[in-house]
Amino acid sequence: MNKNFVIENIKDFHLAHVLECGQCFHFSRVDTGLNEGEYEYDIVAMGRVLHIKEEPDTDGVRLILYNTEKWEYDTVWKDYFDLDRDYSVIKSEIIESDPRLEEIILENDGIRILNQDFFETLISFIISQNKQIPQIKQVVRNLSDELGTKFDVTMIDRLDSEFDAFFPTPEQLHNASEEEVRRSKCGFRAPYIKDAAEKVYTGEITMEILSKLDTDEARELLMSIHGVGEKVANCVLLFGLGRREAFPVDVWMKRICEYMYYDGVDTPKYIIEEDARKRFGKYAGYAQQYLFMYGQKHKIGIKR
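Presented here is a report on the structure given in the accompanying data block. None of the values given here were measured: they were computed from a predicted structure.

A count of helical and extended segments in the chain gives 16 helices and five strands. A compact globule built from 304 residues should have a C-alpha radius of gyration of about 19 Å, and the chain, at 19 Å, falls within 12% of that. Referenced to the eigenvectors of the C-alpha coordinate spread, the extents of the chain come out at roughly 55 × 50 × 40 Å. A burial count over the chain gives 52% of its 304 residues as buried. The contacts in the chain between residues at least 6 apart in sequence include a share of 66% that link residues at least 24 apart. Carbon and sulfur atoms provide 47% of the accessible area of the chain, an area that totals close to 14,000 Å². Distance from the positive charge centre (39 side chains) to the negative charge centre (56 side chains) of the chain: 3 Å.

Structure below.
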């Protein structure tokens with residue numbers, strides 16, 4: 001297959017903003033020497049692989065999905081990238097709730113929240129505890145290489161990077177020993193990964209069960225997994241279950257919010273989360289992403 005699918009004039013979207021904002025980890029930037037405003041990535045997600053390029057367009061950006069037919073875009077990537085959602089409305093609502101975020105949103109105007117696989121999101125954010133993004137990406141890669149299903153030739157030929165396997169399924173992680181999981185260099189998280197895989201594989205915790213619960217109930221159920229605290233549970237809710245009102249607060253987000261809203265005063269995470277949900281309502285998760293990227297770019301919250 002050598003057919004590319006092209007989408008023109010997409011507004012409120014930038015590949016680098018979407019992929020580099022800490023919400024996903026199974027991707028690689030592969031562009032070298034491209035023109036300004038052009039970005040190119042390999043992505044492994046939703047049981048598929050994608051080589052994608054962004055170019056400037058007359059009224060937004062142009063996306064080229066290489067070796068991708070319309071049916072695959074319609075059934076996988078359109079929803080994955082959340083391309084049916086009008087982000088101009090979301091931005092306006094957030095700015096109305098807090099006008100101070102207008103400049104931050106303009107600076108990071110291409111963020112979209114991906115609609116990711118629930119199980120991969122759960123395991124990825126268990127891995128994320130006390131790790132930097134490059135380390136998380138490496139452990140996700142290691143787990144996939146060691147325990148996931150290998151690509152067939154048609155998948156490998158689509159990519160410019162060295163990815164060669166999908167993220168493990170609940171069954172594959174359930175069947176793996178804790179020692180096999182540890183080979184991914186996940187460290188102390190290995191028993192947490194095993195417990196999560198066991199609960200999902202046996203049907204104790206599934207996307208279907210979680211979808212029938214309200215957000216607070218779903219968070220409590222996720223936190224019954226060993227090693228899943230409030231922050232990881234909120235990340236799973238936001239990035240893997242479409243609960244856009246979730247507002248994850250880790251140490252860095254805590255410092256960013258203290259800088260933005262509490263005059264730098266030490267403030268409990270639960271208060272930060274409660275205040276954010278009151279302030280932004282159903283758009284709290286989007287606001288969190290804009291704040292995260294703002295803090296990342298300007299090194300807010302980093303202890304010097």
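And the narrative resumes.
What follows deals with the sheet that holds strand 5 (residues 60–66). Pairing between the strands of a sheet comes from backbone hydrogen bonds, and it takes one of two forms, parallel or antiparallel. In space, the five strands of this open sheet follow the order 1-5-4-3-2, with antiparallel pairing throughout. The two strands at the open ends of the sheet, each matched to only one other strand, are strand 1 (5–10) and strand 2 (27–29). The sheet shows a mean angle of 20° between the axes of neighbouring strands, taken without regard to direction. Where strand 2 meets strand 3 (residues 39–45), three bridges bridge the pair, whose relative direction is antiparallel. Bridge pairing in strand 3 places Arg 29 opposite Tyr 41. Relative to strand 4 (residues 48–57), helix 2 (residues 70–80) is tilted by about 80°, and along the sheet it contacts strand 1, strand 3, strand 4 and strand 5.

Positionally, His 51 belongs in strand 4. Side chain to side chain, His 51 and Asp 42 meet in a polar contact 2.7 Å long. When sequence neighbours within four positions are dropped, the list of residues in contact with His 51 reads Val 30, Glu 40, Tyr 41, Asp 42, Ile 64, Leu 65, Tyr 66, Arg 158, Leu 159 and Asp 160.

Rules of the game
Residues numbered from 1 in each chain as written. Predicted model: local features only at pLDDT ≥ 70, side-chain atom pairs only at ≥ 80, totals over all residues. Heavy atoms only, no water. Helix = DSSP H or I, 4+ residues; strand = E, 2+ residues; numbered from the N terminus. Rg over C-alpha atoms; globule rule 2.2 N^0.38 Å. Buried < 20%, exposed > 50% of the residue type's maximum accessible area, 1.4 Å probe, protein only. Contact = heavy atoms within 4.5 Å. Areas by Shrake-Rupley, 256 points an atom, 1.4 Å probe, with all protein chains shown as cover. Lys, Arg positive; Asp, Glu negative; His and termini not counted. Charge placed at Lys NZ, Arg CZ, Asp CG, Glu CD. Pairing = 2+ DSSP bridges. Axes fitted to C-alpha atoms, helices over the stretch in contact; angles between N-to-C directions. Polar contact = N/O pair within 3.5 Å; in protein donor to acceptor, adjacent residues only side chain to side chain.

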